[in-house]
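What the coordinates show
The lines below spell out each chain.
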Amino acid sequence: AKKQGGNQVVIYNEEISKAKNKKLQIEARLRKAIKNEEIEVYYQPKIDARTEVLTGVEALLRWTDEELGFVPPDVFIAIAEEAGLIHPLWEIAMKKASSQITSWNKDRARPLSLAVNFSAKQFQDPCSLVKQVKEILSEYQLAPNLFEIEITESTLLFNTKETTRALETLQEFGISISIDDFGTGYSSFSYLKTLPINTLKIDRSFIQDIKEDHSNSEIAEAIINLARSLKLHVIAEGVEEDYQKEFLLKHDCYHMQGYLYSKPLSKEEFERVWV
Ligand code: C2E
Ligand code: CA
Ligand code: CA
Ligand code: CA
């Protein structure tokens, strides 16, 4: 038994060092990709399902590396956060997407809004973050009321005072604040009373099996009611099927995002289909 245990430790260590190497490799390639501007922005439509009108987009980063192939965003975002690379990635998303939306909006009667994901790590220096957001929007001529910040509840758990002040400043400036993956993060909703929040974004796990899983539909409904009573907007993500859309419409949640309407698209694809 002793010997077996020893072998397990060896295997375990090997697994760990393999995983570490992989991470280091991704990190190194990511640095290079940032430097060579190989990171793309994809756009996923946000729809008002009552009228099927396109109201805005969420910017999502995409990276395909020569050596590694396609690396999923969850994977490289997590590594970027640890390696101190989240800020340059964010700058890419901000700049590319803002300039793209401004250009699309030139030909539109109803301007599109832009949502960008912000990582909790970025609120470690809230003052310079606020400053830079304002600078980028002004440089790319995107009106603050067309700009939306998506943060998860974990952002609100850390350095609350400064984070709150930063979010307040951004909101006063006209920017909307959305809580992404709502319902998955934090067990107490007391922050909803004190923090400057505009929108709850129902996590797709609650949308996924609305039909089979009764408790999921109850949760989705509860979030919609919560938003209503707090006078917040609500949007559902991960809407893939008609029955999900119908359920949401029936409960007065009409802003939607998901494969039912479109997966995230490159700017060329988005232009062809939606502009
Ligand atoms: P997220 O912010 O929750 O983004 C939504 C994710 O759900 C996206 O995955 C999107 O492609 C996917 N999705 C959209 N509609 C559907 C659907 O109907 N069904 C299913 N199954 N999935 C759907 P993606 O693009 O792989 O991004 C994963 C995560 O990576 C994002 O989750 C976000 O947390 C992070 N991420 C992506 N881009 C950025 C970024 O620029 N900055 C930061 N901080 N995080 C980012
Ligand atoms: Ca998001
Ligand atoms: Ca989400
Ligand atoms: Ca997510």
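Calculation notes
- Residues numbered from 1 in each chain as written.
- Chains lettered and ligands numbered in written order.
- Predicted model: local features only at pLDDT ≥ 70, side-chain atom pairs only at ≥ 80, totals over all residues.
- Heavy atoms only, no water.
- Near = heavy atom within 4 Å.
- Polar contact = N/O pair within 3.5 Å; in protein donor to acceptor, adjacent residues only side chain to side chain.
- Helix = DSSP H or I, 4+ residues; strand = E, 2+ residues; numbered from the N terminus.
- Nonpolar A, V, L, I, M, F, W, Y, C, P; charged D, E, K, R; others polar.
- Donors = N, O, S within 2.8 Å, 3.2 Å for Na, K, Ca; no water.
- Buried < 20%, exposed > 50% of the residue type's maximum accessible area, 1.4 Å probe, protein only.
- Contact = heavy atoms within 4.5 Å.

Per an unreviewed UniProt entry, the protein goes by the name Diguanylate cyclase/phosphodiesterase and belongs to Halalkalibacter akibai.

1. Let's talk about the site of ligand 1
With respect to spatial proximity, 21 residues lie near ligand 1, and among them Q44, R62, R204, E240 and Y259 are the closest. One nitrogen or oxygen atom from the side chain of Q44 is found 2.9 Å from a nitrogen atom belonging to ligand 1. Take E240: an N or O atom from its side chain is 2.5 Å from a nitrogen atom of ligand 1. Residue assignment for the shell around ligand 1 shows that the elements contributing at least two residues are β2 (53-65), α2 (73-83) and β6 (176-182). For the shell around ligand 1, the element with the most residues is β2, which contributes four residues. Of the residues belonging to the shell around ligand 1, the class tally is eight nonpolar, five polar and eight charged.

2. Considering the coordination of the calcium ion (ligand 2)
Within the first shell, the calcium ion (ligand 2) binds the protein through E58 (OE), N117 (OD1), E150 (OE) and D180 (OD), at distances of 2.2 to 2.3 Å. Donor residues for the calcium ion (ligand 2), ordered by position in the chain, follow E-x58-N-x32-E-x29-D. Between the calcium ion (ligand 2) and the calcium ion (ligand 3), the interatomic distance is 4.1 Å, and D180 donates to each metal, bridging them. Taken together, the residues span a long stretch of sequence, with E150 in strand β5 (residues 147-152) and D180 in strand β6 at a distance of 30 residues.

3. Some details on the coordination of the calcium ion (ligand 3)
Every protein donor of the calcium ion (ligand 3) is accounted for by D180 (OD), D181 (OD), E237 (OE) and E237 (OE), and the metal-donor separations fall at 2.2 to 2.5 Å. Counting along the primary sequence, the residues that act as donors to the calcium ion (ligand 3) give the motif D-D-x55-E.

4. Brief notes about the side chain of E150
We classify E150 as buried; its relative accessible area is 1%. One polar contact links E150 to K46, side chain to side chain, over a distance of 2.8 Å. Here K201 takes part through its side chain, which lies 2.8 Å from a polar atom of the side chain of E150. Apart from residues no more than four positions distant in its own chain, E150 is found in contact with K46, E58, A115, V116, N117, F118, S178, D180 and K201.

5. Observations concerning the side chain of Q244
Relative to the elements of secondary structure, Q244 occurs in helix α10 (residues 242-250). On the basis of relative accessibility, which here comes to 2%, the residue Q244 falls in the buried class. Setting aside residues up to four positions removed in sequence, Q244 forms contacts with I207, Q208, G238 and V239.

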